[in-house]
Amino acid sequence: RFFGLDSVTDLEVIIDCAARYLAKTPPATYDLVFIDCYDESGIPAECSTDAFFESLYQRVDVDGLLIANLLPKRRGVSQAFASHQRAFRHTVIVPGVRKTNRTLFGTAGQLPSGRIVRERIKAMQPKLASIDLMPPWLRAMPAKRYLGRF
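Overview of the structure. Remember, predicted model here, so these are calculated numbers, not experimental data. (Residues numbered from 1 in each chain as written. Predicted model: local features only at pLDDT ≥ 70, side-chain atom pairs only at ≥ 80, totals over all residues. Heavy atoms only, no water.)

For a regular strand, the rule is simple: side chains alternate between the two faces of the sheet. Within strand β3 (residues 90-94), four of the five residues are buried, leaving the element largely enclosed by the surrounding structure. Strand direction decides the pairing type here: β3 and strand β4 (residues 102-107), joined by five bridges, are antiparallel. Pairing of V94 across the sheet is with T103, part of β4. (Buried < 20%, exposed > 50% of the residue type's maximum accessible area, 1.4 Å probe, protein only. Helix = DSSP H or I, 4+ residues; strand = E, 2+ residues; numbered from the N terminus. Pairing = 2+ DSSP bridges.)

Pasting the structure below:
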């Protein structure tokens, strides 16, 4: 409900513990994997390890994308960021508008240029209804460090 996904067409949403889901399902690859792995105090340990992010890397199609929601000052976030970096090698981070969430994007292949991303967002916009991806993407930067310490 917080991400407006009910307005997106051609999308299968799976709500489960990501580590448990990966362990119980047969290997498959996906175009898009979005993770929002939080409990009441942060990211559970099993969702911030190198092994967890390596298993996600194996599930993302070569042209696919992993999107991870990161909340500053929460347990496990720095470890998850570092593990994401080691597994996905090609990453960008989009800072939140009001010092809130960071969105981390990773891909198995090379990230497309900013121009190509903007073209793809414009082409996708009719399917996304009320979700406007352009303003956040314009703030994207290489994910060299986690921007979560205030």
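Time to look at the pattern of salt bridges. One pass over the structure, following the stated rule, counts four salt bridges. Taking the shortest distance from any N to any O, the salt bridge between D16 and R20 comes out at 3.5 Å. The partly exposed category is assigned to D16, whose relative accessible area is 30%. Across the salt bridge formed by D50 and R86, the nearest N and O atoms sit 2.9 Å from each other. With D50 in helix α2 (residues 50-59) and R86 in helix α3 (residues 77-88), the pair connects residues that are 36 residues apart, well separated along the chain. Relative accessible area serves as the criterion here: at 37%, D50 is assigned to the partly exposed category. A single network of salt bridges, built from pairs that share partners, joins D16, R20 and K24. (Salt bridge = Lys/Arg side-chain N within 4 Å of Asp/Glu carboxyl O.)

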